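# Structure assessment
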Amino acid sequence: MFSADAPASTELDMAITRADFARQLTMAFGPLQAPRADTYVGQSDCCAWSITLRPATPTRLGRIVLERWTVSIELTASTPEGRAQWWNRFGAYFQKGGG
């Protein structure tokens, strides 16, 4: 999915609940450290990472309201391949249904 040009930082728009985001992140990277509300940090084999969630305007589909978040991701990896490895792992747990 990602190659050596994988970004070191980016913002994503995600339709997910806060609880589901934390659950998915835990499944991908193990126990979470949350030094501040809506901020998660960790260290994987390939790099250190920091993720901050900010509320975004919910999406409304008729009576259905989807919770949305702006997700800021910062990676510190010693190699571009390390970043790619992190993104591939993140994508395996968060990118469902071809979205």
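Now for a description of the structure that goes with this document. (Residues numbered from 1 in each chain as written. Predicted model: local features only at pLDDT ≥ 70, side-chain atom pairs only at ≥ 80, totals over all residues. Heavy atoms only, no water.)

## A word on the sheet that holds strand β4 (residues 47-61)
Taken in spatial order, the five strands line up as β1-β5-β4-β3-β2 in an open sheet, and their pairing is antiparallel. Both edges of this open sheet fall to β1 (9-15) and β2 (33-36), since each of them pairs with a single strand only. For this sheet, the mean angle separating the axes of adjacent strands, direction not counted, is 30°. Bridge count for strand β3 (residues 39-43) against β4 is five bridges, and the pairing is antiparallel. From the neighbouring strand, Y40 faces β4, where its bridge partner is I51. Across the face of the sheet, helix α1 (residues 18-29) comes into contact with β1, β3, β4 and β5 (64-77) while running at roughly 150° to β4. Each of β1, β4 and β5 is contacted by helix α2 (residues 80-94), which is oriented at about 160° to β5, the strand it contacts most. (Pairing = 2+ DSSP bridges. Helix = DSSP H or I, 4+ residues; strand = E, 2+ residues; numbered from the N terminus. Axes fitted to C-alpha atoms, helices over the stretch in contact; angles between N-to-C directions. Contact = heavy atoms within 4.5 Å.)

## A short note on a nonpolar patch on the surface
Together, L61, I64 and L66 make up an exposed nonpolar region whose accessible area comes to about 260 Å². Inspection of the secondary structure assignment puts L66 in strand β5. (Patch = residues over 30% accessible without salt bridge, like charges linked within 9 Å, V, L, I, M, F, W, Y side chains within 5 Å. Areas by Shrake-Rupley, 256 points an atom, 1.4 Å probe, with all protein chains shown as cover. Salt bridge = Lys/Arg side-chain N within 4 Å of Asp/Glu carboxyl O.)

## Quick look at the environment of E81
Tracing the backbone through its elements, the reader meets E81 in helix α2. In sequence terms E81 and A15 are 66 residues apart; their C-alpha atoms lie 28 Å from each other.

## A word on the pairing of β5
Along a regular strand, successive side chains alternate from one face of the sheet to the other. Across seven bridges, the pairing between β1 and β5 is antiparallel. Bridged to A15 within β5 is R68. The sheet contact formed by β4 and β5 spans 13 bridges and is antiparallel. Bridge assignment links R60 to a residue of β5, and that residue is V65. The turn joining β4 and β5, which pair antiparallel and follow one another in sequence, is formed by two residues; a positive phi near 65° is taken by G62.

## Things to note about the pattern of salt bridges
Following the criterion strictly, the structure yields four salt bridges and no others. Across the salt bridge formed by E11 and R54, the nearest N and O atoms sit 3.1 Å from each other. With E11 in strand β1 and R54 in strand β4, this pair connects stretches of sequence that are 43 residues apart. A salt bridge links D38 to R18, with the nearest nitrogen and oxygen atoms 2.7 Å apart. With D38 in the loop between β2 and β3 and R18 in helix α1, this pair connects stretches of sequence that are 20 residues apart. Overall, D38 belongs to the buried group, its relative accessible area being 18%. Take R18: its relative accessible area is 39%, and that puts it in the partly exposed class. (Buried < 20%, exposed > 50% of the residue type's maximum accessible area, 1.4 Å probe, protein only.)

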